[in-house]
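Structural description and commentary
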Amino acid sequence: MEKELRVTVVSENSANKKNLMAEHGLSLLVETSDYSLLFDTGQGLTIESNVRALQMDLRQINAIALSHGHYDHTGGIKRALALSGSKPVYAHPGIFDEKFSRNKEGEYHGVGIPFNKDELEKAGAQFHLETEPIFLSSNIILSGQIPRVTDFEVANPHFSIKKGGEYIHDPLLDDQALFVKTSKGIVVIVGCSHSGIVNILRYARQVIGEEDIYAVVGGTHLIEANEERLLQTIEVLKEMKVEKLAVSHCTGFHAQMKLKEVWKDGFILNNVGHSINI
């Protein structure tokens, strides 16, 4: 592989190329010269069709990693395993919590992973469930649990987990990201950024021990951010001198437009089939 890093969108909310399909969800194929993995699997409606259309061979990947336990990032895992064969699957132990979202009427709807652990192990998943960072290769680190240090990035109050028959707030501690070391700086690959994108970037610096963050790729979950939080986020990303933002999925139209205004050519609307080459 000529480039240090290639990230290709397998599943996402929008597609603008022939023969590719969109869905609410996210899946990214991450490739370096010596390691490749599928980061998230979407909700499962499009992964098989898009993998075939993009002429990908998932049998060649080293592993699957899951950013968190919501259905739109984990629902395609059985289809992915059918295409890849038995693979290590890296995730936080909290992915199997009973996860729910509460609507405006106060009704709870399940939003968790639609399979249990035993079912997935029978399908070929070799689970590695950890809260600490995992070095998947010399240059790719799965973050593990992200410390929450900002005062303006608050977890969505509508997400809950069910324990002992009671619904309690889900702080989404299972949310994690990939940190990739490149010659241009750190590339941070995010699933949904429920931890807060600024928290994630600060932790990437801490784990890798470098300051330069070159790019952010994936879902930033700024769709729910009010104007104050969005502006604070933009200011911090500017202070960090992030050069490229390739956003997807849960970023939201308003946030995308704001980010485009600031980053101009450094902004990429990361749709199905698009590849970032570094």
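An account of the accompanying structure is given in this report. Within each chain, residues carry numbers counting from 1 in the order of the written sequence. Since the coordinates come from a predicted model, pLDDT governs what is reported: local features require at least 70, and pairs of side-chain atoms require 80 or more to be given and counted, while whole-chain, interface and lining totals use all residues. Calculated side-chain values reflect all of the structure's heavy atoms, with hydrogen atoms and water omitted.

1. Description of the nonpolar core
Judged by nonpolar contacts, the single largest core of 31 residues is most densely connected at Phe 179, Val 188, Leu 201, Val 242, Leu 245 and Leu 259. Per the convention used, a helix needs a DSSP run of H or I reaching at least four residues, while a strand needs a run of E reaching at least two, with both numbered from the N terminus. When residues of this core are traced back to their parent elements, those giving at least two are β13 (177-182), β14 (185-190), α5 (197-208), β15 (213-219), α6 (227-239), β16 (244-248) and α7 (253-263). Every residue in contact with Leu 201, bar those within four places of it in the chain, is listed here: Val 188, Ile 213, Val 216, Leu 237, Met 240 and Val 242. Residues belong to a common nonpolar core when they are buried Ala, Val, Leu, Ile, Met, Phe, Trp, Tyr or Cys residues joined through side-chain atoms within 4.5 Å. A 1.4 Å probe rolled over the protein chains alone gives each residue an accessible area, and that area as a share of the maximum for its type sets the label: buried under 20%, exposed over 50%, partly exposed in between. Counting residues in each nonpolar core, the second largest holds 29 residues, with Leu 26, Leu 136, Val 180 and Ile 278 among its members. What makes two residues a contact is simply this: any of their non-hydrogen atoms within 4.5 Å.

2. Re the sheet that holds strand β3 (residues 36-39)
Strand pairing requires that DSSP identify at least two bridges connecting the strands. Taken together, 7 strands build an open sheet; the order of strands is β8-β5-β4-β3-β2-β1-β18 and the sheet is mixed. Two strands close off the open sheet at either side, each with one partner strand: β8 (125-129) and β18 (275-277). Put simply, the sheet's adjacent strands are angled 20° from each other on average, direction ignored. Structural elements are reduced to axes, namely lines fitted to C-alpha atoms, with helices fitted over the stretch in contact, and the angle between N-to-C directions of any two is expressed from 0 to 180 degrees.

3. Section: the packing of aromatic side chains
A pair of aromatic rings is counted whenever rings of Phe, Tyr or Trp (Trp by its six-membered ring) have centres within 6.5 Å, and the orientation is called stacked for planes under 30 degrees apart, edge-to-face for over 60 and tilted otherwise. Counted by the stated rule, this structure contains 4 aromatic pairs. Here the aromatic rings of Phe 96 and Phe 127 are separated by 5.4 Å at their centres, their planes lie at 80°, and the arrangement is edge-to-face. Of the two residues, Phe 96 is situated in the loop between β5 (87-91) and β6 (99-102) and Phe 127 in strand β8; the sequence distance between them amounts to 31 residues. The exposure class assigned to Phe 96 is partly exposed, which follows from its relative accessible area of 24%. Looking at Phe 127, the relative accessible area reads 14%, which means it is buried.

4. Some remarks on the sheet that holds β6
The strands that make up a sheet are held in pairs by hydrogen bonds between backbone atoms, and each pair lies either parallel or antiparallel. In space, the 4 strands of this open sheet follow the order β7-β6-β11-β12, with antiparallel pairing throughout. Bordering the open sheet on either side are β7 (108-110) and β12 (166-169), each of which pairs with just one other strand. Between one strand axis and the next, the sheet turns through 40° on average, direction left out of account. As defined by bridge partners, β6 adjoins β7 across 3 bridges and the pair is classed as antiparallel. Across the sheet, the residue bridging to Arg 102 is Tyr 108, located in β7.

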